[in-house]
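What follows is the residue order along each chain.
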Amino acid sequence: MGIRIEDGGMFTTVQDEGRYGYQQFGMTTAGPMDRYSFHLANILVSNSKEEAALEISLIGPKIRVEKDNVVAVTGGDLGPLLNGKPAPMYQAFSVKEGDLLTFSGMKNGCRSYIAFAGGLDVPVVMGSRATLVRNEIGGVEGRTLKAGDVIGFLDPKEKLPGMSRRRIPQEVFPKKEIVLRVVLGPQKDAFTSQGIRQFFWHSAQITAEFDRQGCRLECDPIEHVKDGNTITDGIMCGSIQVPSNGKPIIMLADHQTTGGYTKIGTVISTDIRKIAQSLPGMKVRFVEVSMKLAQQLYIREREKEETWRKKIEGEES
């Protein structure tokens, strides 16, 4: 016993850290769009950071609790309600058998994460519980959740020690513009100097062509030396493809594993979450950073997570 879905919302999936080691066979990693918020949700309920949780997009689900447990909701504020009353964000709280968790609507950001103490009991496929909808694997039958789905708890907890410590300041996400830090390349030579200046000096706009696979931007065309085609090679989350029309596409969690469009740069991993919490119509500006700085920022974010974990678990000296 665990939870029963009464309404799946717009796009609710089970995600864990992701499915690694299979991209050479055409299998994308999947995993959370906002990895930091996902990690914090698990930390709040004493799970490992990689434990499976629910990722909710735009319109939240209706979830009936069938066994007592402790939960946490992080990421975008979609207005969580417990039995019709506001439920806390970025704070662990108890739920009882029969409780109903719903969402009133977007207030800030657009993707939330719900972690359940002890984790969710869904099959492990190729080393992961993450849902990859376009390949129909992972999670619940490889798809978004729908009414009638039942997901068990692996090791539920009626309460956790130090509940008063289990809170983190709620994050506020930008509503009009985001700044994405980018490492230039790997095909920077495919673009003219004017094209590269255009990419960094002028803003773009997020279009409605935006999902877990990628985000297409609208802007003045980025100029190529020839065209936007190249020998097909590997793609990673954050790769910025620029096809012959000069309009960038940022690859996200469910990206394809290879592609034949030129890549002007890669959004650093710690900034992917900014896109995940953005909406069509918002502006995007790019700033070039070095690989060394990108690595330092990644390490800093991991250290920040560990600091919160120690504080929540009462391990601070």
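One can find the structure itself at the top, above this paragraph.
If you're wondering where the values come from, they're calculated on a predicted model, not measured in any experiment. (Residues numbered from 1 in each chain as written. Predicted model: local features only at pLDDT ≥ 70, side-chain atom pairs only at ≥ 80, totals over all residues. Heavy atoms only, no water.)

Colleague: Got a minute to help me understand helix H1 (residues 35–44) in this structure?
Modeller: Three- or four-residue spacings in an α-helix give side chains the same orientation, since the helix completes a turn every 3.6 residues. Taking burial as the measure, the ten residues of H1 include nine buried ones, the bulk of the element. Residues Tyr36, Ser37, Phe38, His39, Leu40, Ala41, Asn42, Ile43 and Leu44 constitute the buried set of H1. Where H1 is buried, its residues contact strand S2 (11–15), strand S3 (53–57), strand S5 (69–77), strand S10 (108–116), helix H3 (272–276) and helix H4 (291–312). At the exit of H1 stands Ser46, carrying a positive phi of roughly 65°. (Buried < 20%, exposed > 50% of the residue type's maximum accessible area, 1.4 Å probe, protein only. Helix = DSSP H or I, 4+ residues; strand = E, 2+ residues; numbered from the N terminus. Contact = heavy atoms within 4.5 Å.)

Colleague: Any chance you could explain the nonpolar core here in plain terms?
Modeller: Across soluble globular proteins, you tend to see nonpolar side chains buried next to one another. With 75 residues, the main nonpolar core has Leu54, Ile114, Ile151, Ile250, Ile275 and Phe286 as its most contacted residues. Among the elements that line this core, the one with the most residues is H1, at six residues. Discounting chain neighbours no more than four positions away, the residues touching Ile275 are Ile178, Leu180, Phe210, Cys215, Ile250 and Leu252. (Core = buried A, V, L, I, M, F, W, Y, C linked by side-chain atoms within 4.5 Å.)

Colleague: What exactly am I supposed to notice about the sheet that holds S10 here?
Modeller: Two modes of strand pairing occur in sheets, parallel and antiparallel, and in both the strands are linked by backbone hydrogen bonds. Read across the open sheet, the five strands follow the order S2-S3-S10-S5-S8; overall the sheet is antiparallel. Of all the strands in the sheet, just S2 and strand S8 (93–95) have a single pairing partner and so form its edges. Between one strand axis and the next, the sheet turns through 30° on average, direction left out of account. Both S3 and S10 contribute to a ladder of four bridges, which runs antiparallel. Directly across from Glu55, in S10, lies its bridge partner Tyr113. Contacting S2, S3, S5 and S10, H1 crosses the sheet at an angle of about 155° to S5. (Pairing = 2+ DSSP bridges. Axes fitted to C-alpha atoms, helices over the stretch in contact; angles between N-to-C directions.)

Colleague: Looking at this structure, how should I read the pairing of strand S1 (residues 2–7)?
Modeller: Side-chain direction in a regular strand flips from residue to residue, so the side chains alternate between the two faces of the sheet. Here S1 runs beside strand S12 (residues 150–153); their pairing, made up of three bridges, is antiparallel. Following the sheet pairing, Arg4 is matched in S12 by Val150. For S1 and strand S4 (residues 62–65), the ladder comprises four bridges, and the chain directions are antiparallel. Bridge pairing in S4 links Arg4 to Arg64.

Colleague: Could you clarify how one ought to interpret the packing of aromatic side chains in this entry?
Modeller: Working definition: an aromatic ring pair is given by the centre-to-centre distance plus the angle between the planes. Applying the stated criterion across every chain yields a total of four aromatic pairs. Measuring from ring centre to ring centre gives 6.2 Å for Phe38 and Tyr113, while their planes differ by 75°; the resulting arrangement is edge-to-face. Taken as a pair, Phe38 in helix H1 and Tyr113 in strand S10 lie far apart in primary sequence, 75 residues in all. Across the pair, exposure class does not vary: Phe38 and Tyr113 are buried alike. Between Phe199 and Phe200 the ring centres are 4.9 Å apart and the planes differ by 75°, which places this aromatic pair in the edge-to-face class. Neither residue differs from the other here; Phe199 and Phe200 are each classed as buried. (Phe/Tyr/Trp six-rings, centres within 6.5 Å; stacked < 30°, edge-to-face > 60°.)

Colleague: How should I be thinking about the environment of Val70 in this particular structure?
Modeller: Tracing the sequence through the fold places Val70 in strand S5. Spatially, the C-alpha atom of Val70 lies 6.2 Å from that of Lys159, the residues being 89 residues apart in sequence. Here Val70 is in contact with Val45, Ala92, Phe93, Ser94, Ala115, Phe116, Ala117, Lys157, Glu158, Lys159, Leu160 and Met163, once residues within four sequence places are set aside.

Colleague: Explain the sheet that holds strand S11 (residues 120–121) to me, please; I cannot follow it from the model alone.
Modeller: The strand order across the open sheet formed by seven strands is S7-S6-S9-S4-S1-S12-S11, and the pairing between neighbours is antiparallel. One side of each edge strand has no neighbouring strand; the edge strands of this open sheet are strand S7 (85–86) and S11. Direction of pairing for strand S6 (residues 80–82) relative to strand S9 (residues 100–103): antiparallel, over a ladder of three bridges. The residue bridging Leu81 from the neighbouring strand is Thr102, located in S9.

Colleague: Would you mind going over the packing of H1 against H4 with me for this structure?
Modeller: Working note: a packed helix pair is described by the angle between its axes plus the distance between those axes. In contact at an axis separation of 10 Å, H1 and H4 are set at 15° when each is read in the N-to-C sense. With respect to their mutual orientation, H1 and H4 come out roughly parallel. The crossing of H1 and H4 is right-handed. Across the interface between the two elements, Tyr36, His39, Leu40, Ile43 and Leu44 of H1 pack against Glu301, Arg302, Lys304, Glu305, Trp308, Arg309 and Ile312 of H4. Its residues assigned to classes, the contact of H1 with H4 shows six nonpolar, one polar and five charged. (Parallel < 35°, antiparallel > 145°, perpendicular 65-115°, else oblique. Left-handed = near helix turned anticlockwise from the far one by under 90°. Nonpolar A, V, L, I, M, F, W, Y, C, P; charged D, E, K, R; others polar.)

Colleague: Explanation requested: the side chain of Asp254 in the structure shown.
Modeller: Along the polypeptide, Asp254 turns up in the loop between strand S18 (249–251) and strand S19 (258–267). Filtering out sequence-adjacent residues up to four positions away, Asp254 remains in contact with Thr28, Ala30, Leu132, Arg134, Arg212 and Gln213.

Colleague: Just checking my understanding: could you explain the pattern of salt bridges for this structure?
Modeller: Pairing is possible between side chains of opposite charge, provided their charged atoms come close. Inspection of the entire model under this criterion finds 22 salt bridges. In this structure, Asp155 and Lys157 form a salt bridge, with 2.9 Å as the shortest nitrogen-oxygen distance. Accessibility expressed as a relative area gives 40% for Asp155, which makes it partly exposed. Classification of Lys157 as partly exposed rests on a relative accessible area of 31%. Across the salt bridge formed by Glu209 and Arg216, the nearest N and O atoms sit 3.3 Å from each other. Through salt bridges with shared partners, one network takes in Lys49, Glu301, Arg302 and Glu305. (Salt bridge = Lys/Arg side-chain N within 4 Å of Asp/Glu carboxyl O.)

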